[in-house]
Amino acid sequence: MSERVNVKVLLLVGDEAEIVADAPDATAPERYPAVEIAAAVDAPWEELPGMRLTARVDDRDRLYDWRRA
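Everything numeric in this text was worked out from a predicted model, so none of it was measured. (Residues numbered from 1 in each chain as written. Predicted model: local features only at pLDDT ≥ 70, side-chain atom pairs only at ≥ 80, totals over all residues. Heavy atoms only, no water.)

## Topic: the packing of aromatic side chains
Part 1 of the reasoning: By the definition in use, this model includes one aromatic pair.
Part 2 of the reasoning: Their ring planes at 75 degrees and their centres at 5.2 Å tell us that Tyr32 and Trp66 sit as a pair that is edge-to-face. One end of the pair, Tyr32, is in strand β3 (residues 30-33); the other, Trp66, is in strand β5 (residues 63-68), with 34 residues separating them in the sequence. Judged on exposure class, the residue Tyr32 and its partner Trp66 are both buried. (Phe/Tyr/Trp six-rings, centres within 6.5 Å; stacked < 30°, edge-to-face > 60°. Helix = DSSP H or I, 4+ residues; strand = E, 2+ residues; numbered from the N terminus. Buried < 20%, exposed > 50% of the residue type's maximum accessible area, 1.4 Å probe, protein only.)

The structure is reproduced here in structure tokens:
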């Protein structure tokens, strides 16, 4: 079973969203396809920056199964 974590969308860079764990000890952000996240949370991709979400972590430490927090 995968872990669900809280994340925040920092900004958009081209067609990618910069995501960081919503925790005080979070390190460098990672990039994920903005359209994939937007479709999963049913929001326009332009509205993603600043949005707080949850996601599951796979066995390679990649995020998936995006949901609004």
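## Quick look at the side chain of Thr54
Part 1 of the reasoning: For Thr54, the location among the structural elements is in strand β4 (residues 52-57).
Part 2 of the reasoning: On the accessibility criterion, Thr54 (12% relative accessible area) is buried.
Part 3 of the reasoning: Here the side chain of Thr54 touches Arg4 through a polar contact of 2.8 Å, side chain to side chain.
Part 4 of the reasoning: Not counting residues within four places of it along the chain, the set of residues in contact with Thr54 comprises Arg4, Val5, Asn6, Asp65, Trp66, Arg67 and Ala69. (Polar contact = N/O pair within 3.5 Å; in protein donor to acceptor, adjacent residues only side chain to side chain. Contact = heavy atoms within 4.5 Å.)

## Some thoughts on the layout of surface pockets
Part 1 of the reasoning: Its volume calculated, the largest pocket comes out at about 200 Å³.
Part 2 of the reasoning: Forming the boundary of the largest pocket are Val5, Val7, Ile19, Val20, Ala21, Ala26, Thr27, Ala28, Glu30, Tyr32, Asp61 and Leu63.
Part 3 of the reasoning: The set of elements that each furnish at least two residues to the lining of the largest pocket consists of β1 (3-13), β2 (16-21) and β3.
Part 4 of the reasoning: Residue contributions to the lining of the largest pocket peak at three residues, all from β2.
Part 5 of the reasoning: Counted by class, the lining of the largest pocket contains nine nonpolar, one polar and two charged residues. (1 Å grid on protein atoms, 1.4 Å probe; cavity = no way out; pocket = protein on both sides within 12 Å on 5 of 7 lines; lining within 4 Å. Points joined across faces, edges and corners; volume = space filled by probe spheres on them. Nonpolar A, V, L, I, M, F, W, Y, C, P; charged D, E, K, R; others polar.)

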